[in-house]
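Close look at the chain arrangement
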Amino acid sequence: MNREEQWLLPEGVEEILPERAAVIEGLRRRLLDLYTRWGYELVFPPLIEFLESLLNGAGRDLEIETFKLTDQLSGRMMGVRADITPQVARIDAHSLRRKGPSRLCYCSTALRTRIGLPGASRIPYQIGVELFGHDGIESDAEVISLMLATLAEAGADDVTLELGHVGIYRALVRAAGLTDADEAVLRGIYLRKARTELDAFFSERALPEPAARALAALPWLAGEDALAQGRVLLATASAEALAVLEQLAELVARVRATHPQVAIHLDLGELRGYHYHTGSLFAAYRNGVSEPLAKGGRYDHIGEVFGRARPATGFSADLKLLVACQGTAVQPGGILAPAGSDAALLAEIARLRAAGERVVQALPGADNLPAELRCDRELVFVEQRWQLHSLSS
Ligand SMILES: N[C@@H](Cc1c[nH]c[nH+]1)C(=O)O
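Residues numbered from 1 in each chain as written. Predicted model: local features only at pLDDT ≥ 70, side-chain atom pairs only at ≥ 80, totals over all residues. Heavy atoms only, no water.

Describing helix H5 (residues 85–96)
Along its 12 residues, H5 runs 15 Å from first to last C-alpha, staying within 8% of the 16 Å computed at 1.5 Å per residue. Burial within H5 is extensive, with 9 of its 12 residues counted as buried. Against the buried residues of H5 lie strand E2 (48–50), helix H3 (51–55), helix H4 (60–65), strand E5 (102–109), strand E6 (125–132) and strand E11 (312–318). Of the residues flanking the end of H5, it is Arg97, one or two places downstream, whose phi is positive at about 50°. (Helix = DSSP H or I, 4+ residues; strand = E, 2+ residues; numbered from the N terminus. Expected span 1.5 Å × (residues − 1). Buried < 20%, exposed > 50% of the residue type's maximum accessible area, 1.4 Å probe, protein only. Contact = heavy atoms within 4.5 Å.)

Here it is as structure tokens:
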């Protein structure tokens, strides 16, 4: 970013110019068509809402990420959404109130107060799906399959799927009898994977064994042997945590069976994401890139505050990151038509457009440069008829 851009736009706020906009829009259309074919219905949650309803049940992380402002009409505090998932959960619980499962999808911009990685955007163009009303690995598996289909459509074929389950951590926290305050400290340490802090945390507190030992080991249970090691670790620590691990094992087996080509990485100590996640967690990483391309998980309680607790699972991705996986897009060419209002010319332009061609009509007195206008052909009147001539040579 040069000095002038820094002066014009705040950090993490960018504009998208025609070439990139065309690629993003192309992918947006293809993905929304994909979700429609899977039975997901499109919704448009509002850009801005009263803070209470926007953040209800969504957790503290999201509150910090949310831009707040005062509504001049009501005098109440409003927030600009930092994540669309809780809004869609509200639509399901409060506005739709369906009996059976609801499958919803969305694609809109969100706004965040903070920047994740240096150079990242604060305005993600969030696309995703949410599936409400089913509690079980089948719905998680469906959402994971659709997430992988999304990445394939975006051209990201070298992804690793990371799987975890916050239920293991939560069960162990209960077994160890941690207070909310201690749990918040521990969560921070888990997210940073800070080993010495973790050791200090447990040596400063007399917590019941073997749950405490299991909590101290969990952040490093990852990779190939995570399931086997987890079974040993949890066998004596918490029957509840062990049962959750078996659910995760079943989900892994299912995804392996349906997507044998996808590399799976297990991480039992992963707590990534917002506080609202309650069950399985999934994320897709590109090799060597630390920011996930898409992420999601189960969150069964958000709807509760809107009068209806519905099981829920879903994923989202930032379209701006997804398009980075695509090679440079082949820009469609176009036809440069001469200026004029002659009826035959206008009819020919209309005919070409109706046939799906991109036709740009020259404006009199302007430099109608074919390269700038991305035109590779021109419409010329030769031998008493309108003809197309190549401009590329
Ligand atoms: N919205 C979540 C991902 C998610 C979608 N559905 C459930 N979880 C995020 O951005 O991290």
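Moving on from the model shown.
Description of the layout of surface pockets
In this model, the second largest pocket occupies a volume close to 390 Å³. Together, 20 residues line the second largest pocket, and His165, Gln247, Thr278, Gly279 and Asp300 are the ones closest to its centre. Elements represented by at least two residues in the lining of the second largest pocket include exactly helix H6 (137–153), helix H7 (166–175) and helix H12 (239–258). Examining the composition of the lining of the second largest pocket, we find that 6 residues originate from one element, H12, more than from any other. Classifying every residue of the lining of the second largest pocket gives 4 nonpolar, 8 polar and 8 charged. (1 Å grid on protein atoms, 1.4 Å probe; cavity = no way out; pocket = protein on both sides within 12 Å on 5 of 7 lines; lining within 4 Å. Points joined across faces, edges and corners; volume = space filled by probe spheres on them. Nonpolar A, V, L, I, M, F, W, Y, C, P; charged D, E, K, R; others polar.)

Examining the site of the ligand
Around the ligand sit 13 residues, and of these Asp83, Thr85, Glu130, Tyr276 and His277 come closest. A distance of 2.8 Å is found between a nitrogen atom of the ligand and a side-chain nitrogen or oxygen belonging to His277. One of the side-chain nitrogen or oxygen atoms of Ser316 is found 3.0 Å away from a nitrogen atom of the ligand. In isolation the ligand has 300 Å² of accessible area, and contact with the protein removes 98% of it. Elements that contribute at least two residues to the shell around the ligand include exactly E6, strand E10 (294–298) and E11. (Near = heavy atom within 4 Å. Polar contact = N/O pair within 3.5 Å; in protein donor to acceptor, adjacent residues only side chain to side chain. Areas by Shrake-Rupley, 256 points an atom, 1.4 Å probe, with all protein chains shown as cover.)

What to know about unusual backbone geometry
Each neighbour pair has its own omega, and for Glu209 with Pro210 the value is 0°, a cis peptide bond. Unusually for a residue other than glycine, Glu383 sits at a positive phi of about 50°. Topologically, Glu383 is positioned in the loop between strand E14 (377–382) and strand E15 (385–390). Positive phi, close to 65°, is recorded for Gln384, a residue that is not glycine. One can find Gln384 in the loop between E14 and E15.

Considerations on the packing of aromatic side chains
The description of an aromatic ring pair rests on the distance of the ring centres and on the angle between the ring planes. In total, this model carries 6 aromatic pairs according to the counting rule given. A centroid spacing of 6.3 Å and a plane angle of 85° characterise the contact between Phe132 and Tyr299, whose relative ring orientation is edge-to-face. Of this pair, Phe132 sits in strand E6 while Tyr299 sits in the loop between E10 and E11; the two residues are 167 residues apart in sequence, bridging distant segments of the chain. Overall, the relative accessible area of 2% leaves Tyr299 in the buried class. Both rings, one in Phe201 and one in Phe202, keep their centres 5.1 Å apart while their planes meet at 80°; by these two values the pair is edge-to-face. By relative accessible area, Phe201 is classed as buried at 2%. Judged by relative accessible area, Phe202 falls into the buried class, the value being 14%. Among the aromatic residues, those joined into a cluster by ring pairs are Phe132, Tyr276 and Tyr299. Of note, Arg195 hangs over the ring of Trp220, and the distance from its end group to the ring centre comes to 4.1 Å. (Phe/Tyr/Trp six-rings, centres within 6.5 Å; stacked < 30°, edge-to-face > 60°. Lys NZ or Arg CZ within 6 Å of the ring centre and 35° of its normal.)

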